[in-house]
Structures are given as structure tokens and as C-alpha cells.
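# What the coordinates show
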Amino acid sequence: MEKNEGGQLVRALGLKESISMTIGTVVGVGLFTCGSSQIGYVGSGIIVITFLSLLISIWPCLIYGEMSAALPCAGGTYNYAKRGLNRVWANLAGWHYIISVVGIGAGETLAFSNYFKILFGELGINIEGVDSRIIAIVLVLFFLILNFRGIEMSGKAQTGFIFFFWGCAVAWFLYMIPHIHLDYFDGIAMDSLPPFKEMMYIFGLVWWCYTGFETCVSMGAETKYPQYTLPRALKVSVFLVFAVNALFQWFLVGLVPHEFYHILAVADAPYAEGLRAAGLVGFPIILLCIGIAFGGDLSTINPGIAAPARYIYTMAEDGSLPKFLCKVHPKYKTPYMAVLVVGIINIILIATGSINYIASVSLISLAVCYMIGCLAYLGLKKHYPDMNRPYRAPAGTVGCYVTIAAYTIILIFADRIALLTAAVVTVAAIVYWALFTRKHENKIPSIEEEIGILEEPSPQEKAKMDKEYRIWKAGTILVTVIALGIYIIPVLF
């Protein structure tokens with residue numbers, strides 16, 4: 001771990017931690033709540049929507065890979081927009097990112113509560129009378145302490161959560177294979193689909209299962225050799241996210257008869273409630289809930305606190321938020337005041353008790369943030385043509401326009417109340433900038449001043465990093481092929 005004297009963040013995250021932080025943010029509340037509940041409306045057609053969601057996520061991942069390798073700072077899109085556009089856009093991106101990723105974490109704590117209560121019910125202990133919001137708040141307090149104690153500890157815990165989740169997932173998949181009914185798939189598409197407007201709303205909720213794909217970018221100041229680590233983590237993560245989503249959705253389609261789709265459509269915990277409806281109770285639900293609650297959910301809550309805290313820290317350090325929020329703990333080297341604020345926002349969102357509302361607000365704010373990120377990419381190309389870019393996204397300029405167009409369409413069909421909430425956030429961000437930030441704006445430091453000289457790994461370290469990446473890449477290709485291939489099985493048989 002690189003040491004840093006004084007009140008500065010520490011570069012402690014490697015490829016494994018960057019991938020696990022990113023996947024942890026993405027794979028969780030979306031997949032195990034409102035994302036998979038859409039199977040109740042589109043059946044096995046969910047794979048088409050999931051695949052299209054992957055396609056509109058790959059290009060922005062590569063674009064963020066280029067920007068993060070060149071500007072490996074805490075704060076991600078905020079810093080890119082500050083240089084590529086201006087501080088107004090940067091503040092807007094920062095506010096929306098904070099709200100959206102905190103929303104992911106808040107929704108995840110509620111999802112944990114639902115699966116946690118079902119788990120205890122299957123074990124013969126009835127805790128249905130306990131308010132899910134109380135369980136969620138207790139969980140937030142635990143992760144506030146974990147993140148307060150340091151990014152290295154948080155990163156190691158994150159890797160543990162992710163691998164525990166994958167272990168439980170593989171065990172559950174193997175156990176449930178004999179219970180799969182291929183006739184439940186009815187081919188790839190449903191006989192009839194919802195109206196176009198409703199389909200686009202469904203598409204947005206499924207795409208939300210990919211949002212947060214750039215989580216590792218927000219911790220660029222705490223990443224070792226970010227010029228290599230961050231682009232690699234982004235390329236691997238987006239396909240792993242697709243594979244996990246596609247695999248779990250395949251099993252849900254193959255396990256739940258069509259007559260119970262109306263239960264899935266409104267379920268708070270569609271996997272557990274779907275298994276109950278199909279009569280697959282006991283061990284299948286217990287194993288599933290253990291994996292989702294203590295692996296998938298915990299792995300999302302952790303970066304759901306860590307990532308937005310880094311945005312708050314960066315914005316405060318830059319004068320865009322109150323200065324006390326950039327305080328770094330002298331012992332643990334964490335932005336502890338920013339972590340505390342994230343906890344407070346979490347508790348406010350948890351108090352609403354609505355995962356669907358939180359999901360809609362989150363997906364809208366992240367779409368706005370990513371669109372600003374794409375505009376920042378174009379601005380960086382224009383204003384910093386000679387900036388060192390260790391990684392270059394293929395056809396990045398074209399990718400920006402395609403991404404902005406795709407995400408605009410998602411916003412058009414998003415939930416109206418959530419759009420209104422996003423509009424309030426936008427107005428509040430601009431007003432705050434006009435009243436408090438504008439007069440304190442300082443000159444933007446040079447890239448060298450802000451980032452310093454990025455250390456190059458030794459030949460031995462580079463060889464080790466390359467080998468680790470090859471292993472991750474090979475594993476990702478394998479699970480992606482499997483995730484796509486199993487959808488062909490019902491067609492063939």
C-alpha cells in the first residue's frame with residue numbers, strides 16, 4: 001500500500017478490489033428486486049432487454065476507462081466535467097451521482113431487510129413484525145463504521161462479500177438445475193408484450209441493473225497504478241454484471257410457472273416469492289437468501305457508502321461543498337465527515353420505504369451523470385488534446401453521442417414523480433452553486449498538481465498485473481458465453 005503523509009487519501013486498491021467494488025455496487029438491489037420482477041411482464045424476453053442494456057453500457061464503460069486512466073482522481077465525473085466543461089456542470093454531475101449511488105445503497109438495505117426476514121421465516125423464526133426500515137438503518141450504521149476505519153479494510157471486506165456471493169450463487173445454480181422446466185421459456189420472446197411506453201419503463205428498470213458501472217472511477221485517488229487498473233476493471237466488470245444478471249434471470253424464468261407471473265410483477269423479493277409460489281421452499285430459499293442478503297446485498301451497500309463519500313470529499317476540497325466535508329481522519333485516512341453525510345442521506349431515503357421510487361430516482365440521476373460525463377469527454381478532447389491518455393476508448397466521440405441519445409430516451413419514459421425529484425435536485429445544485437460556490441471558485445490546478453506523477457509498476461509488478469488481468473478476462477469471457485449459451489438450450493430442446 002502506498003503511504004501518504006498528512007490528510008491525503010491512500011492508493012490501496014488493486015484490480016481485484018476495483019472489480020469487486022464495481023460489481024458490488026451494480027449487482028444487488030436492481031437484479032434481486034425491481035429488475036427481475038419485470039419477468040412478470042415480459043417472461044423470458046427479459047434476456048433481450050438485459051442484452052440491450054449491456055450494449056448501451058459498454059461504450060460509456062470504455063469512455064470512462066479513458067478518462068479515469070488520464071485523470072485518476074477521487075470524484076470521477078465531477079473532476080472530468082470540471083475540466084472538460086465548467087464548474088456548473090461539474091456540480092450538477094456531483095449532486096446527481098451522490099443522490100443516485102446513495103439511492104442504490106439505500107434500496108439495497110431495504111432489499112436486505114426483505115430477504116433477511118424471509119430467511120428467518122424459512123428457519124421458523126417470524127420477524128415479519130419488525131419494520132424493514134429499522135433493519136436497514138442498523139445495517140447502514142455498520143457500514144458507516146466499516147468505511148470510517150479505512151479503504152483498505154473496506155476493500156478487503158468487499159472482496160469477501162463478492163466471493164461469498166458467487167460461491168452461494170454457484171451452489172444454488174447447481175442445486176436448482178434439476179428443478180428447471182424448459183417449457184416455461186416458450187422460446188425467446190413472449191406471445192404478447194406490454195405497450196411500447198410500458199416496455200420502455202421496464203427497459204429503464206432493467207438498465208438500472210447496470211448503473212454504477214463506473215464505481216471504481218470515483219475511487220481513482222485510492223487505486224494503485226490506476227492508468228492500468230481502472231480501464232481493465234471497467235472492461236471486465238460490465239460483462240460480469242451481464243453474466244450474473246442473465247444467469248439469475250434464466251433460473252427465475254425456468255423455475256416459476258407462468259400462472260405466478262403476477263406475483264413476480266409486484267414482489268419485493270421476486271426470487272424468494274417466486275420459489276415459494278412454485279413450491280420450492282426450505283433449503284432452496286434458505287441458500288438463496290443467505291447468498292443474496294449476506295453476499296449480494298452487503299457487497300452493494302459497502303461501495304454505496306464509499307463511492308459517493310469520495311465525491312463529497314472531492315467537491316468539498318474543491319470548494320463546491322462546505323469545507324468541513326473534506327476532512328480526512330489522521331489515523332484511518334478516510335473522508336469521515338463525507339462518510340457521515342452519506343449515512344444521513346441513506347437514512348432519509350430508507351425512511352420512504354419504497355424501493356421502486358428509490359430505483360427510479362437513482363436511474364434518472366445516474367443517466368444524467370453519465371450524459372454529463374460524455375459531454376465532459378468531448379470537452380477534454382477539445383481543451384486537453386495533448387493530455388496523456390494511457391488508454392483510449394475505441395470511437396469514443398461516436399460513443400458519447402450514441403450514449404447521450406440512448407439515455408435521453410430512457411429519461412423520456414422514466415417515472416414522472418422520480419423525474420420531478422431529479423428536477424428538484426438539479427435546481428438545488430444550480431442554486432447552491434450560484435449562492436455559495438461561485439464566489440469561492442478557485443483556479444483549476446494543473447493536471448500535474450492535482451494528480452502528481454503516476455508511478456509505473458516495476459517489470460515484475462507489471463507482469464503480475466498482466467497475469468491477473470488475463471485470468472479475470474478469461475473467466476469473464478467464459479461466464480459470459482455460458483450466460484448467453486443457456487438461453488439457447490430451451491430453443492433447442
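Residues numbered from 1 in each chain as written. Predicted model: local features only at pLDDT ≥ 70, side-chain atom pairs only at ≥ 80, totals over all residues. Heavy atoms only, no water.

The next thing to look at is unusual backbone geometry. Non-glycine residue Tyr225 carries a positive phi angle of around 45 degrees. In this structure, Tyr225 sits in the loop between α10 (215–218) and α11 (226–255). Even without being a glycine, Ala395 presents a positive backbone phi close to 50 degrees. For Ala395, the position within the fold is in the loop between α16 (355–383) and α17 (396–412). The class of Ala395 is partly exposed, set by a relative accessible area of 48%. (Helix = DSSP H or I, 4+ residues; strand = E, 2+ residues; numbered from the N terminus. Buried < 20%, exposed > 50% of the residue type's maximum accessible area, 1.4 Å probe, protein only.)

Per-chain confidence: the chain averages 84 in pLDDT, with 94% of residues scoring 70 or above. By mean pLDDT, helix α19 (residues 447–451) is the weakest element of the chain at 72, and α17 is the strongest at 94. This model gives residues 1–7 a pLDDT under 50, and the stretch forms 13 contacts once residues within four places in sequence are excluded. (pLDDT = per-residue confidence, 0-100. Contact = heavy atoms within 4.5 Å.)

This paragraph deals with a nonpolar patch on the surface. Taken together, Val48, Phe51, Leu52, Leu55 and Leu484 make up a surface patch of nonpolar side chains, about 390 Å² in accessible area. At four residues, helix α4 (residues 46–70) tops the list of elements feeding residues into the nonpolar patch. As for its placement among the helices and strands, Leu484 is situated in helix α20 (residues 459–485). In this structure Leu484 comes out as partly exposed when scored by relative accessible area, which is 36%. (Patch = residues over 30% accessible without salt bridge, like charges linked within 9 Å, V, L, I, M, F, W, Y side chains within 5 Å. Areas by Shrake-Rupley, 256 points an atom, 1.4 Å probe, with all protein chains shown as cover. Salt bridge = Lys/Arg side-chain N within 4 Å of Asp/Glu carboxyl O.)

On inspection of all chains with the given rule, the structure shows seven salt bridges. The partner of Arg276 in a salt bridge is Glu122, and the shortest N-O contact between them spans 3.4 Å. Here the residue Arg276 occupies a position in helix α13 (residues 270–277), and Glu122 occupies one in helix α6 (residues 87–122), the gap between them amounting to 154 residues. We classify Glu122 as partly exposed; its relative accessible area is 22%. Within this structure, Glu66, Lys381 and Arg389 form a network of salt bridges that share partners.

Further remarks concern the side chain of Thr403. Assignment of secondary structure puts Thr403 in helix α17. Residues within four places of Thr403 in sequence aside, it is in contact with Trp59, Pro60 and Cys374.

This paragraph deals with helix α15 (residues 336–350). End to end, α15 covers 21 Å across 15 residues, agreeing with the expected 21 Å (1.5 Å per residue, within 8%). The complete set of buried residues in α15 reads Ala338, Val339, Val342, Gly343, Ile345, Asn346, Leu349 and Ile350. Seen along its axis, α15 keeps its buried residues to an arc of 165 degrees; they face one direction. Lining the buried residues of α15 we find α6, α7 (132–148), α14 (283–317) and α16. (Expected span 1.5 Å × (residues − 1). Arc of directions from axis to C-beta.)

On to the nonpolar core, then. Counting 169 residues, the largest nonpolar core has Phe32, Tyr115, Trp172, Phe248, Leu255, Tyr271 and Tyr407 as its most contacted members. For Tyr271, the contacting residues outside a window of four places in its chain are Leu31, Phe32, Ser36, Tyr115, Phe248, Gln249, Leu252, Leu288 and Ile292. (Core = buried A, V, L, I, M, F, W, Y, C linked by side-chain atoms within 4.5 Å.)

This next bit is on the packing of α4 against α11. Contact pair α4 / α11: the axes reach a minimum separation of 8 Å and the direction vectors enclose 170 degrees. Overall, the two elements α4 and α11 adopt an arrangement that is roughly antiparallel. Grouping the constituent residues of the contact of α4 with α11 by class yields 18 nonpolar, seven polar and one charged. (Axes fitted to C-alpha atoms, helices over the stretch in contact; angles between N-to-C directions. Parallel < 35°, antiparallel > 145°, perpendicular 65-115°, else oblique. Nonpolar A, V, L, I, M, F, W, Y, C, P; charged D, E, K, R; others polar.)

All chains considered together, the criterion is met by 30 aromatic pairs. Measuring from centroid to centroid gives 6.0 Å for Phe51 and Phe242, while their planes differ by 70 degrees, and the two rings are edge-to-face. In this pair, Phe51 sits in helix α4 while Phe242 sits in helix α11, placing the two residues 191 residues apart along the sequence. In this structure Phe51 comes out as partly exposed when scored by relative accessible area, which is 32%. You can call Phe242 buried: its relative accessible area is 0%. Geometrically, the ring pair formed by Tyr175 and Phe283 is edge-to-face, given 5.0 Å between the ring centres and 70 degrees between the ring planes. A residue pair is termed long-range when its members are at least 10 positions apart, and Tyr175 in helix α8 (residues 151–176) and Phe283 in helix α14 qualify at 108 residues. Taking relative accessible area as the criterion, Phe283 reaches 44% and is therefore assigned partly exposed. Connected via pairs of aromatic rings, a cluster forms that spans Phe32, Phe165, Trp172, Phe173, Phe185, Phe248, Trp250, Phe251 and Tyr271. Lying across the ring of Tyr228, Lys462 places its NZ or CZ 4.8 Å from the centre. (Phe/Tyr/Trp six-rings, centres within 6.5 Å; stacked < 30°, edge-to-face > 60°. Lys NZ or Arg CZ within 6 Å of the ring centre and 35° of its normal.)

Moving on to the environment of Ser37. Structurally, Ser37 can be placed in the loop between α2 (29–35) and α3 (39–42). For the pair Ser37 and Phe493, spaced 456 residues apart in sequence, the C-alpha separation works out to 26 Å. In contact with Ser37, not counting residues within four places along its chain, are Leu264, Ala265, Ala267 and Pro270.

Here we come to the environment of Ile410. Structurally, Ile410 can be placed in helix α17. Since its relative accessible area comes to 3%, Ile410 is described here as buried. Along the primary structure Ile410 and Tyr201 are separated by 209 residues, whereas in three dimensions their C-alpha atoms are 7.5 Å apart.

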